[in-house]
Amino acid sequence: MSSVLYDVPGPKARRVSLIGSVIGVVLIAALLAWAIMTLAQQGIFQAQRWAIFGQADVWSLIANGIGATLAAAAIAAVIAFPLGLLLCLMRISDVAWIRIPTRIVLEFLRGMPVVLMMLFVLLVFATSSFIAVVAGLVLYNAAIFAEIIRAGIQSLPRGQREAGLAIGLTSFQSRLTIELPQAVRRMLPSLVAQLVVLLKDTSLGYIVAYGELLRAVQVMADFLGPQFLFPVFFVAAAIYIAINLAVSRLAIWIERRGSKKAAGGVAKAPTAGVSTVVK
Amino acid sequence: MDVIIESLPQYWDGFLRTLFLAAVSGIIALVAGTLLAAARVSPVAALRGFSMAYVEVVRNTPLTIAFFFAAVVLPRLGVTFQQFEIAAIIALSAYTAAFIAEAVRSGVNSVPVGQAEAARSIGMKFGQVLSLIILPQALRTVIPPMINILIALVKNSSVAGAFYVLELFGYGKQLANDHGDAVMWVLVGVAFFYLLITVPLGYLAHQVERKVAIAR
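Report on the accompanying structure. (Residues numbered from 1 in each chain as written. Chains lettered and ligands numbered in written order. Predicted model: local features only at pLDDT ≥ 70, side-chain atom pairs only at ≥ 80, totals over all residues. Heavy atoms only, no water.)

### Here we look at the interface of chain A and chain B
Contact residues are listed per partner, giving 48 residues for chain A and 55 residues for chain B. At the boundary of chain A with chain B, the tally comes to one salt bridge. A salt bridge links Arg249 of chain A to Glu56 of chain B, with the shortest nitrogen-to-oxygen separation between them at 3.0 Å. Inspection of the chain A/chain B interface yields 10 residue pairs in polar contact (both at pLDDT 80 or more). The set of elements that each furnish at least two residues to the side of chain A that touches chain B consists of α1 (11–41), α4 (96–110), α5 (114–124), α9 (188–201), α10 (213–224) and α11 (229–264) of chain A. Considering every element that reaches the side of chain A that touches chain B, the biggest residue donor is α11 of chain A, with 10 residues. (Contact = heavy atoms within 4.5 Å. Salt bridge = Lys/Arg side-chain N within 4 Å of Asp/Glu carboxyl O. Polar contact = N/O pair within 3.5 Å; in protein donor to acceptor, adjacent residues only side chain to side chain. Helix = DSSP H or I, 4+ residues; strand = E, 2+ residues; numbered from the N terminus.)

If you want it as structure tokens, here you go:
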């Protein structure tokens, strides 16, 4: 990656880059030290503020928050995926009166803030905040899933569909049995990456008073006193980031694994054919 | 439906504030994100490490946490804001910068290696290669994803409404409280104003994408 921009460094360049690194480390360390000093002045690092993490109640509240976050994300993902598949099929349908309204609905869903959809469901249908959060996430992510899968189908070689139609499959059968499975597999990394977005968006539940992790932090800080806000918030943020990083890693792992397989099979086949013809 | 016409002044005010938040945070995020991307591809290991850590952490942080930090935690640490808008702009631009950095970096990687080799072979320094040869080409490829990030920024600015900033979403919540009988129409009105920004931007991204695709 880096070799795009500069040659393998010689002794002089290595020295310059080493000096640069040292200065960079010193600057960043100074910045961190300043932040930590400021925090220490506010008494953030007093042991008593962190002692609350020795209490089981605090952890059980945090665990409840995580549970609520993961439950909303999991249920939303399980509903949004099939719905996304359906919307995708409708979006690329040969029938204009299915395709065009679906397109308008998808544009509408993609262009709106998720939190607005949550508030809409919460107030208009007078549901619980859990249902509002799940509904908001489902509506938005189904639309995104549909667009991702559509991109996957459009990236397939045309012959896949032509072959399906040639052996007498109907257009719908070809989509369902030939194109869709390939498209989903091709777009698996994007779909998993979208799961990170979905997981992150559950935190919008805080705004519609759903008892997810951030709301649990707020409740705890209100109960224990403001001086505990920072420690609890810090731990909650770290948990969020850890969960999301794990899912991101999964997406990267799937991408690597997929690209290895593709390199051996599908992707290389057309180029190989062309080169033999040219020779 | 009358409630929409009746509340047009509030909608307009919220609409302008949403545009303002998105524009200011967008400009800050563009500058900061490009700097982060430059650090990420620089020969200096410390800068690379810092940029990578920042991007990885921020991209996996929910926006609500960033807002919570800027609006609730920072003031208790002694960093107080005269206006909540400033906290919102800090949260939005710090968050968006990470995504811009990723987009610019992938753009840099999409420039053929030969371009940089040619630039180096005529004696250009790293800074010159980056600013004169690579970035102009990279930015061209990254304009469509960049517009998509800006669309997301417009939608993300709605979170500010939950943290005491009266932009579109903030007004939406307030109007919904005041007009308990016409909540649906109030929120449909809010949605309309969001779509007024996001749908044309999406169309623009699509057009630019097609243009770039033909040029390559």
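Next comes the rest of the write-up.
### As for the pattern of salt bridges
With the rule as written, the count across this model stands at 11 salt bridges over all chains. For the salt bridge of Arg161 of chain A with Asp94 of chain A, the shortest nitrogen-to-oxygen distance reads 3.7 Å. Separated by 67 residues along the polypeptide, Arg161 of chain A in helix α7 (residues 158–166) and Asp94 of chain A in the loop between α3 (56–91) and α4 bring together distant segments of the chain. Note on Arg161 of chain A: relative accessible area 18%, which makes it buried. Here Arg17 of chain B makes a salt bridge to Asp13 of chain B, at a shortest N to O gap of 3.9 Å. Pair noted here: Arg17 of chain B and Asp13 of chain B are both in helix α2 (residues 8–40), with a separation of four residues, about one helical turn. Arg17 of chain B sits in the partly exposed class, given a relative accessible area of 23%. (Buried < 20%, exposed > 50% of the residue type's maximum accessible area, 1.4 Å probe, protein only.)

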